[in-house]
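Structural overview for review
Letter by letter, the chains look like this.
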Amino acid sequence: MPRYALKIEYHGGPFAGWQRQVAQSTVQGAIEAALARLEPRDHSIVAAGRTDTGVHGLAQVAHCDMEKDWDPFRLSEALNHHLKPAPVAILDCARVSEDWHARFSARERRYLFRILMRRAPVTHLRDLVWRVNQPLDIAEMQAAADHLIGKHDFTTFRSSICQAQSPVKTLDRLDVTQVVGPHGPEAHFDVRARSFLHNQVRSFVGTLERVGAGSRDVQSVADALASRDRATCGPVCPPGGLYLAGVGYEDDPFLAD
């Protein structure tokens, strides 16, 4: 069966996460329903990573197997037609080999988190950012973030329901920058690794926000990491500001398309 890679954008607000669930609206379920309109049968797509309720996708990647030999452009156009009005869009589609796997072939996952720093309530960016009332110290948050980069036991920043076999992961990048947008100043967190634990990014951001607000110091983050104790983690921030921003592959199927 021909296999296709899909690059997917979605607004996570209306969905109970990526993964298909009984009697719940999910991103995976929406795409599989659209595929069934093209080839009437049960479909099961595989994604590079599962996002939680309310988390968004800028460039999620999944693969699907089709019976018909579709032109990739026509397949993406047909899927976008049948996905309406759900806030899900196929940005790109590429034919890949039968052994290519959206999850297991991935070498990097990239996440973006956005904090809007203003006192006024959110209007246009509702469910797309985490609003905090005060400006945050970007330099202090970066200094604390530097302690997290590298290979560590991330038990402190791991959800109690995480199903990963090991809490040891390698964090390749955690950059904190300030961006001035039309709605006010934002703190952006660029987080990259081959794989992540459940709630790891939101735990990072919630802890670093406390540093930026002056409620914790930089050393406390290093101490929390070393403690391997979930109780020393800061609050887990809300999901609305989190985006799966991209997935890296040794041979990017969309560049080769």
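See the structure above.
Described below are features of the structure shown in this document. (Residues numbered from 1 in each chain as written. Predicted model: local features only at pLDDT ≥ 70, side-chain atom pairs only at ≥ 80, totals over all residues. Heavy atoms only, no water.)

Section: the pairing of strand β5 (residues 106–117)
When a strand is regular, its side chains alternate between the sheet's two faces. Sheet analysis places β5 next to strand β10 (residues 242–249), joined by seven bridges and oriented antiparallel. By the bridge assignment for β10, Phe113 is matched with Leu242. With eight bridges connecting them, β5 and strand β9 (residues 184–193) associate as antiparallel partners. Looking at the pairing, Phe113 lines up with Phe189 of β9. Here β5 pairs with strand β6 (residues 130–132) via three bridges, running parallel. Within β6, the residue paired with Met117 across the bridge is Val132. (Pairing = 2+ DSSP bridges. Helix = DSSP H or I, 4+ residues; strand = E, 2+ residues; numbered from the N terminus.)

Details of the nonpolar core
Counting residues in each nonpolar core, the largest one holds 37 residues, and the members touching the most others are Ile115, Leu148, Leu171, Leu174, Phe189 and Val191. Only β5, β6, α3 (138–146), β8 (168–181), β9, α4 (200–212), α5 (218–227) and β10 provide two or more residues apiece to this core. A total of five residues in this core trace back to one element, the largest contributor, which is α4. One finds Ala34, Ala62, Trp70 and Ala78 within the second-largest nonpolar core, a separate group that totals 25 residues. (Core = buried A, V, L, I, M, F, W, Y, C linked by side-chain atoms within 4.5 Å. Buried < 20%, exposed > 50% of the residue type's maximum accessible area, 1.4 Å probe, protein only.)

Details of the pattern of salt bridges
Summed over all chains, the structure comprises twelve salt bridges. As a salt-bridge pair, Arg110 and Glu108 come within 2.9 Å of each other at their nearest N and O atoms. By relative accessible area, Arg110 is classed as partly exposed at 22%. For Asp153, the salt bridge is made with Arg228, and the minimal N-O distance between the two is 3.7 Å. With Asp153 in strand β7 (residues 150–153) and Arg228 in the loop between α5 and β10, this pair connects stretches of sequence that are 75 residues apart. Judged by relative accessible area, which is 18%, Asp153 ranks as buried. The structure contains a network of salt bridges with shared partners spanning Arg173, Asp175, Asp190 and Arg192. (Salt bridge = Lys/Arg side-chain N within 4 Å of Asp/Glu carboxyl O.)

Overview of the packing of aromatic side chains
Counting across every chain of the model gives six aromatic pairs. Relative to Tyr249, the ring of Trp100 has its centre 4.9 Å away and its plane inclined at 45°; by these criteria the two rings are tilted. Taken together, the positions of Trp100 in the loop between β4 (88–96) and β5 and Tyr249 in strand β10 put the pair 149 residues apart, joining distant regions of the chain. The exposure classification of Trp100 matches that of Tyr249, with both residues buried. Between Tyr111 and Phe196, the ring centres sit 5.2 Å apart and the planes meet at 90°, which makes this aromatic pair edge-to-face. In this pair, Tyr111 is assigned in strand β5 and Phe196 in the loop between β9 and α4, connecting sequence segments 85 residues apart. The same class applies to Tyr111 and to Phe196, which are both buried. Site record: aromatic cluster; members linked through ring pairs are Phe154, Phe157 and Phe204. (Phe/Tyr/Trp six-rings, centres within 6.5 Å; stacked < 30°, edge-to-face > 60°.)

A few points about the pairing of β9
Within β9, eight of the ten residues are buried, leaving the element largely enclosed by the surrounding structure. Note that β8 and β9 share ten bridges and pair antiparallel. In the strand pairing of β9, Gly181 is matched with Gly184. Linking β8 back to β9 in an antiparallel pair, the connection comprises two residues.

Describing the side chain of Lys169
Along the chain, Lys169 turns up in strand β8. Buried within the structure, Lys169 lacks any salt-bridge partner; Asp153 is the closest side chain of opposite charge, at an N-O distance of 11 Å. At 2.8 Å, the side chain of Lys169 forms a polar contact with the side chain of Ser195. Discounting residues that sit within four places of it in the chain, Lys169 has contacts with Gly150, Lys151, His152, Phe154, Ser195, Phe196, Leu197 and Gln200. (Lys, Arg positive; Asp, Glu negative; His and termini not counted. Polar contact = N/O pair within 3.5 Å; in protein donor to acceptor, adjacent residues only side chain to side chain. Contact = heavy atoms within 4.5 Å.)

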